[in-house]
Structure formats: C-alpha cells, structure tokens
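Residues per chain are reported as follows:
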Amino acid sequence: MQYRRATVEGGTYFFTLVTHNRQRLLCLPTNVSLLRNAFRYVMQQYPFIIDAFVLLPDHLHCIWTLPQGDRNFPTRWRLIKSYFSRQCITLSQESLSTSRQNKKERAIWQRRFWEHFIRDEVDFKNHVEYIHYNPVKHGLVKAPKDWEYSSFHRSVRQGTYDIIWGAGQEIVFQADIGKE
C-alpha cells in the first residue's frame, strides 16, 4: 500500500509516534537516554531543528523544521526508530507476528507515524501548545511545568510561556490539532 505524505523541502512538520500496543516504556530512564542518543545520532547525519517535543509513556509528539532543500523526514524517523529498537530492553517478552518476524522487526513501535505539514504561524502555535499541554490532557500531571520530558521548559526559559501556562485550566483543541 502506498501512503501519501506531505513532503515540502525545508518544511516544518508535526509528528506523532506511538509504541506497539501502547506499551508504556518510553519514560523509563534508560529509554529516555536511549531515545536522546538516537536523536543525536541521526541529527549528526541528517540535521533538523526540534521546535517542540514531548515524550509520554506510550507515544511522543514533536515539531521539526528540516533544512532548506531537504524533505526526507521518513529516513530520519526510520533511523531513530531502528536505533532505539536495536538497543531497547522491553518490559516484557515480545509477541511477534509472523509479519514482524519476517521483516526482523521488534514489537516496540507502531509501524507508521502521523505527520502534519505546518501551514502557517497559527498552525504552528496550535501544535506547539498541543504538544506542551499533552501530559495534562492524558492526566499525567496537573500543569505542563510538572512534566519532565517536554520542551515546555525550554520555551519558558526563552520567554515564550509563563511557567503557569496551562495550569488549573482545561485547554480544548480543535479536532484537527494533534491527531493521535
């Protein structure tokens, strides 16, 4: 099956990656470190900017901006996922389907990922806010400031957000923002 992806050279994209069967393994300290290493490794070969990021136990969201003349985010994700998968120690015995066995895949990631081309500044802002509010949305914390694995803290240091942003309030996003 052919999947059509929006590929714009030098584009900015929102992504969602989910673990296989929503396994809650991403926020284990060794896996956080491993994922950071995977990103560093791939960014050395294929540079990109991480504009926003959040890591949750069973999925992650991020926004990337690719270099001018480059639209190859699928290779970057393939390399990040494979780096992580080769070195990850999972929580339980993996039950691999015949298809995964034939492709020599581990049952760590869902095969595909969600991507959305960021159209303009409003779209960018909406997706950044979605990313930073996501731990609250999933009931993991009461405020974005309380979630360790988020670019929210960087945004506060840069003056983009006040530290109390998203605390004590429910933020509702349009249905087309941050599909998971």
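See the structure above.
Quick caveat, the model's predicted, so the values are computed rather than measured.

## Let's talk about the overall build of the protein chain
At step 1: Summing up its helical and strand segments, the protein chain has 5 helices and 4 strands in all.
At step 2: Put simply, the protein chain runs from its N terminus to its C terminus through helices and strands in the order β-α-β-β-α-α-β-α-α.
At step 3: Counting every position in the protein chain, which comprises 180 residues, the buried fraction comes to 48%.
At step 4: When contacts within the protein chain are restricted to residue pairs at least 6 apart in sequence, long-range pairs at least 24 apart make up 70% of them.
At step 5: Carbon and sulfur atoms make up 50% of the accessible area of the protein chain, which totals about 10200 Å².

## A word on the side chain of S151
At step 1: Residue position: S151 is located in the loop between α4 (121–137) and α5 (152–157).
At step 2: The exposure class assigned to S151 is buried, which follows from its relative accessible area of 8%.
At step 3: For S151, the residues in contact, after removing those within four places along its chain, are A52, F53 and H132.

## Overview of the packing of helix α1 (residues 29–45) against helix α2 (residues 73–87)
Relative placement of two packed helices is described by the angle separating their axes and the distance separating the axes.
At step 1: With their axes 9 Å apart at the nearest point, α1 and α2 run at an angle of 140 degrees to one another. As summarised for this structure, α1 and α2 are arranged oblique, according to the angle between their axes. The crossing of α1 and α2 is right-handed. Contacts between α1 and α2 involve N31, L34, L35, N37, A38, F39, Y41 and V42 on the former and, on the latter, R76, W77, L79, I80, Y83, F84 and Q87.
At step 2: The class makeup of the residues in the contact of α1 with α2 is 11 nonpolar, 3 polar and 1 charged.

## Structural notes on the sheet that holds strand β2 (residues 49–55)
At step 1: Read from one edge to the other, the open sheet built from 4 strands follows the order β2-β3-β1-β4, with strand pairing classed as antiparallel. The strands lining the two open edges of the sheet, one partner per strand, are β2 and β4 (114–117). This sheet shows a mean twist of 15 degrees between the axes of neighbouring strands, independent of strand direction.
At step 2: Looking at chain direction, β2 and strand β3 (residues 59–65) are connected through 6 bridges and run antiparallel. Across the sheet, residue I49 finds its bridge partner in β3, namely T65.
At step 3: The sheet contacts of α1 involve β2 and β3, and relative to β2 the element is tilted by about 165 degrees.

## Section: the pattern of salt bridges
At step 1: A full pass over the atoms with the stated rule returns 5 salt bridges.
At step 2: Measuring nitrogen to oxygen at the nearest pair gives 3.5 Å for the salt bridge that ties D58 to R22. Remark: R22 occurs in the loop between β1 (12–18) and α1 and D58 occurs in the loop between β2 and β3; sequence separation between them is 36 residues.
At step 3: A relative accessible area of 12% places D58 in the buried class.
At step 4: A salt bridge links K125 to E129; the shortest N-O distance between them is 3.0 Å. Placement of both K125 and E129 in helix α4 is noted, with a separation of 4 residues, approximately one turn of the helix.
At step 5: Exposure remark for K125: the relative accessible area of 48% places this residue in the partly exposed category.

## Details of unusual backbone geometry
At step 1: In this model, N21 sits at a positive phi of 55 degrees, which is unusual for a non-glycine residue.
At step 2: Among the structural elements, N21 can be located in the loop between β1 and α1.
At step 3: Judged by relative accessible area, N21 falls into the exposed class, the value being 65%.
At step 4: Notably, R22 is not glycine yet its phi reads approximately 55 degrees, a positive angle.

Rules used in this analysis
Counting from 1, residues in each chain are numbered in the order their sequence is written. Totals for whole chains, interfaces and linings use every residue, but because this is a predicted model, local features are given only for residues with pLDDT of at least 70 and side-chain atom pairs only at 80 or more, for both listing and counting. In computing side-chain values, all of the structure's heavy atoms are included and hydrogens and water are not. Under the scheme used here, helices are H or I runs from DSSP no shorter than 4 residues and strands are E runs no shorter than 2 residues, and both carry numbers assigned from the N terminus. Whether a residue is buried, partly exposed or exposed follows from its accessible area with a 1.4 Å probe, protein chains only, as a fraction of its type maximum: under 20%, in between, or over 50%, in that order. Whether two residues are in contact is decided by their heavy atoms: any pair within 4.5 Å suffices. The protein chains shown are the only cover counted for residues, whose accessible areas, like all others here, come from Shrake-Rupley with a 1.4 Å probe. Interaxial angle, 0 to 180 degrees, is taken between N-to-C directions of lines fitted to C-alpha atoms, where a helix line uses only the stretch in contact. Any angle that falls under 35 degrees is termed roughly parallel, while one over 145 is termed roughly antiparallel, one within 65 to 115 roughly perpendicular, and all others oblique. Throughout, a crossing is termed right-handed when the near helix is turned clockwise from the far one, and left-handed when it is turned anticlockwise from it by less than a right angle. Note on residue classes: Ala, Val, Leu, Ile, Met, Phe, Trp, Tyr, Cys and Pro are nonpolar, Asp, Glu, Lys and Arg are charged, and everything else, Gly too, is polar. At least two bridges found by DSSP between two strands are what make those strands a pair. For salt bridges, the criterion is a side-chain nitrogen of Lys or Arg within 4 Å of an Asp or Glu carboxyl oxygen.

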